[in-house]
Amino acid sequence: MLEKQRSKRILTDIRLSICDLYKQDASGIHHLEVPIELTNISEHSVGLISECILPMQCFHACLDLGAVPEFLIKLKVTHCSMLEHARYAYVCEFVELEDSFRTSIRNHMCSRE
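In this text, all values refer to a predicted model and were calculated from it rather than measured experimentally.

Trainee: Please clarify how the overall build of the protein should be interpreted in this entry.
Mentor: Looking only at helices and strands, one finds one helix and eight strands in the protein. Mapped in sequence order, the helices and strands of the protein form the string β-β-β-β-β-β-β-β-α. Put simply, the protein has 113 residues, and 42% of those count as buried. In the protein, once contacts between residues fewer than 6 apart in sequence are set aside, the share between residues at least 24 apart is 55%.

What follows is the structure in C-alpha cells.
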C-alpha cells in the first residue's frame, strides 16, 4: 500500500509521554508509564513504537521538543502494525493542533535538516 503524506517527516529524538488514555467504556488511565519511542514527526502526525497496545482512538500526550516547554497535545491513532518482540508501530495524527505548536514543529524540522 502506498502511503500518502501531507507533509515531510523527519527522524527525531523527541520525547513523548501519554498523559490520558481513555478506554471505550470512558474509564481512563492517567500518566501511562510505558516505553514509547518516537520514530518520526511531521506537521500533521507522529510515528511511534511501543510495547503497549493503544486503542484506535484519541489520547492526550506530552511532547517535549527540547528548546521549548512541553506541549499537551491530542493524538488520534490512525494506523497500527505489529512488529517483532511484542512491539507495535503506530501512526497518530494531531487533533486540534495549536498554531504555536505547528510553528514549533516547523522550526524543529528546519533545525534538523
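Additional details are given in the paragraphs that follow.
Trainee: How do you make sense of the pattern of salt bridges when you look at a structure like this?
Mentor: For side chains of opposite charge, pairing can occur when their charged atoms come near one another. Following the criterion strictly, the structure yields two salt bridges and no others. R87 serves as the salt-bridge partner of E37, at 3.6 Å between the closest nitrogen and oxygen. Residue E37 is found in strand β4 (residues 36-41), and its partner R87 is found in the loop between β7 (71-82) and β8 (88-95); the two are separated by 50 residues along the sequence. Given the relative accessible area of 40%, E37 is considered partly exposed. Residues E43 and R106 are paired through a salt bridge, measuring 3.0 Å at the closest nitrogen-oxygen approach. With a gap of 63 residues between them, E43 in the loop between β4 and β5 (45-50) and R106 in helix α1 (residues 99-112) connect regions that are remote in the sequence. Residue R106 is classed as partly exposed on the basis of its relative accessible area, which comes to 37%.

Trainee: What's the story with unusual backbone geometry in this structure? I'm lost.
Mentor: Generally, phi is negative for residues other than glycine and the peptide bonds are trans, each holding for most cases. With a phi angle near 55°, A86 is a residue other than glycine that sits in the positive phi range. Within the element layout of this structure, A86 appears in the loop between β7 and β8. A positive phi angle, close to 55°, is found at E96, a residue other than glycine. Relative to the elements of secondary structure, E96 occurs in the loop between β8 and α1.

Trainee: Can you help me understand the environment of C52 in this one?
Mentor: In this structure, C52 sits in the loop between β5 and β6 (58-64). On the basis of relative accessibility, which here comes to 16%, the residue C52 falls in the buried class. Sequence separation between C52 and A89 is 37 residues, and the spatial gap between their C-alpha atoms is 10.0 Å.

Trainee: Would you mind going over the packing of aromatic side chains with me for this structure?
Mentor: The relative placement of two aromatic rings is captured by the distance of their centres and the angle of their planes. All chains considered together, the criterion is met by two aromatic pairs. Summarising the aromatic geometry, the rings of F94 and F101 are spaced 5.6 Å apart at their centres and angled 75° between planes, so their arrangement reads as edge-to-face. In terms of burial, F94 and F101 fall into one category: buried.

Trainee: Looking at this structure, how should I read the environment of L48?
Mentor: The residue L48 is located in strand β5 in this model. We classify L48 as buried; its relative accessible area is 1%. Separated by 32 residues in the primary sequence, L48 and C80 place their C-alpha atoms 9.7 Å from one another.

Reading guide: rules and limits
Residue numbers run consecutively from 1 along every chain, following the written order of its sequence. Restriction of local features to residues with pLDDT of at least 70 applies here, the model being predicted, together with a cutoff of 80 or more for giving and counting side-chain atom pairs; totals for whole chains, interfaces and linings are based on all residues. Side-chain metrics in this entry use all non-hydrogen atoms of the structure; hydrogen atoms and water are not considered. Runs of H or I in DSSP of at least four residues are treated as helices and runs of E of at least two as strands, each being numbered from the N terminus. Three exposure classes are used, based on accessible area relative to the maximum for each residue type with a 1.4 Å probe and protein chains only: buried under 20%, partly exposed in between, and exposed over 50%. For this analysis, residues touch if any pair of their heavy atoms sits within 4.5 Å. A side-chain nitrogen of Lys or Arg and a carboxyl oxygen of Asp or Glu constitute a salt bridge if their distance falls within 4 Å. Aromatic rings from Phe, Tyr and Trp, taking only the six-membered ring of Trp, are treated as a pair when their centres fall within 6.5 Å; an angle between ring planes under 30 degrees marks them as stacked, one over 60 as edge-to-face, and anything in between as tilted.

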